Number of protein chains: 2
Amino acid sequence: MLPILDTGVAPCCPPLTERPLTPAEAERTAAMFKALGDPVRLRIFSMIASSAGSEACVCDISDVGVSQPTVSHHLKKLREAGLLTSERRGTWVYYRVAPSVLATLGQTFAAA
Amino acid sequence: MLPILDTGVAPCCPPLTERPLTPAEAERTAAMFKALGDPVRLRIFSMIASSAGSEACVCDISDVGVSQPTVSHHLKKLREAGLLTSERRGTWVYYRVAPSVLATLGQTFAAA
């Protein structure tokens, strides 16, 4: 068992250099890359990932060249892909990048 | 200067946890994730990345559930995204994953 299995993240995404992915593994892993495959969505993700505590509120996200509803749409897509978690606190919803997500994605590119 | 600059790979893709990506960085990085955001394309990429010498010929790629011309189309997309290099040897074109590409992608998920 890898430590990452203890974090609540689905056991996905073996290193791409290890062996050919199975169709099911490829579906799960590709869904995460697809969510990061849009420039605006990737900027929003990096804004959150680089914030203190790896979390941010919709209210913190600006200057990405799209409207607030579009930001919310992108946040929904990132959450659906398992890249962000969300939590309501008072008026605002806060989005967070779990460290395990970064570890999971990083390990897919580990050298053989 | 990072060693990775010596490999001929464009200096792209800072860690997503470091600071918000600039629009230009996000464009470049998202293009690579987008190329990996299709399950069949990702399986083909993992077949090549996990082959001996991280290279394979179109003739080595089968059982991905699509026709040879579709495999070739996916290979072209991966090459255009800078994820594969190609070289003709006799009858066949060989595709290769440069180790620097894996390092570049892996570093985008480095923890802060």
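This structure is a prediction, so every number in the text was calculated from the model and none was measured.

Student: Where do I start with the relation of the copies chain A and chain B in this structure?
Tutor: Each of the two chain copies can be brought onto the other by rotation about an axis and movement along it. Overlaying chain A with chain B gives an RMSD of 0.0 Å, the required rotation being 180° about an axis along which the chain moves by 0.0 Å. Seen this way, the second copy is the image of the first under a two-fold rotation axis.

Student: I tried to follow the confidence of the model for chain A on my own but got confused; where do I start?
Tutor: Close inspection of predicted coordinates is inappropriate in any region flagged by low pLDDT. Residues and elements named next belong to chain A. Per-residue pLDDT for chain A averages 88, and the proportion of residues at 70 or more is 90%. When mean pLDDT is compared element by element in chain A, helix α2 (residues 39-49) scores highest at 97, while helix α4 (residues 99-107) scores lowest at 91. In the predicted structure, residues 1-10 sits below a pLDDT of 50 and forms nine contacts with residues beyond four places in sequence or in another chain.

Student: I would appreciate a short explanation of the packing of aromatic side chains in the present structure.
Tutor: Given two aromatic rings, their pairing is described by the distance between the two centres and the angle made by the two planes. One pass over the structure, following the stated rule, counts four aromatic pairs over all chains. Taken together, a centroid distance of 5.5 Å and an interplanar angle of 40° make the contact between phenylalanine 33 of chain A and phenylalanine 109 of chain A tilted. Placement of the pair is phenylalanine 33 of chain A in helix α1 (residues 23-35) and phenylalanine 109 of chain A in the segment after α4, with a sequence separation of 76 residues. A ring pair is formed by phenylalanine 33 of chain A and phenylalanine 33 of chain B, whose centres lie 5.8 Å apart and whose planes are at 5°; its orientation type is stacked.

Student: How do you make sense of the interface of chain A and chain B when you look at a structure like this?
Tutor: Many structure descriptions define interface size as the accessible area lost when the parts assemble. Chain A puts 29 residues into the contact, and the matching count from chain B is 29 residues. In this assembly, chain A packs against chain B so that about 2500 Å² is buried in total across both faces, 76% of it on carbon and sulfur atoms. Where chain A packs against chain B, one counts zero salt bridges. Taken together, the connections running from chain A to chain B amount to four residue pairs in polar contact (both at pLDDT 80 or more).

Cut-off values and rules
Residues numbered from 1 in each chain as written. Chains lettered and ligands numbered in written order. Predicted model: local features only at pLDDT ≥ 70, side-chain atom pairs only at ≥ 80, totals over all residues. Heavy atoms only, no water. Least-squares fit on C-alpha atoms with pLDDT ≥ 70 in both. pLDDT = per-residue confidence, 0-100. Helix = DSSP H or I, 4+ residues; strand = E, 2+ residues; numbered from the N terminus. Contact = heavy atoms within 4.5 Å. Phe/Tyr/Trp six-rings, centres within 6.5 Å; stacked < 30°, edge-to-face > 60°. Buried area = accessible area lost by both parts, 1.4 Å probe. Salt bridge = Lys/Arg side-chain N within 4 Å of Asp/Glu carboxyl O. Polar contact = N/O pair within 3.5 Å; in protein donor to acceptor, adjacent residues only side chain to side chain.

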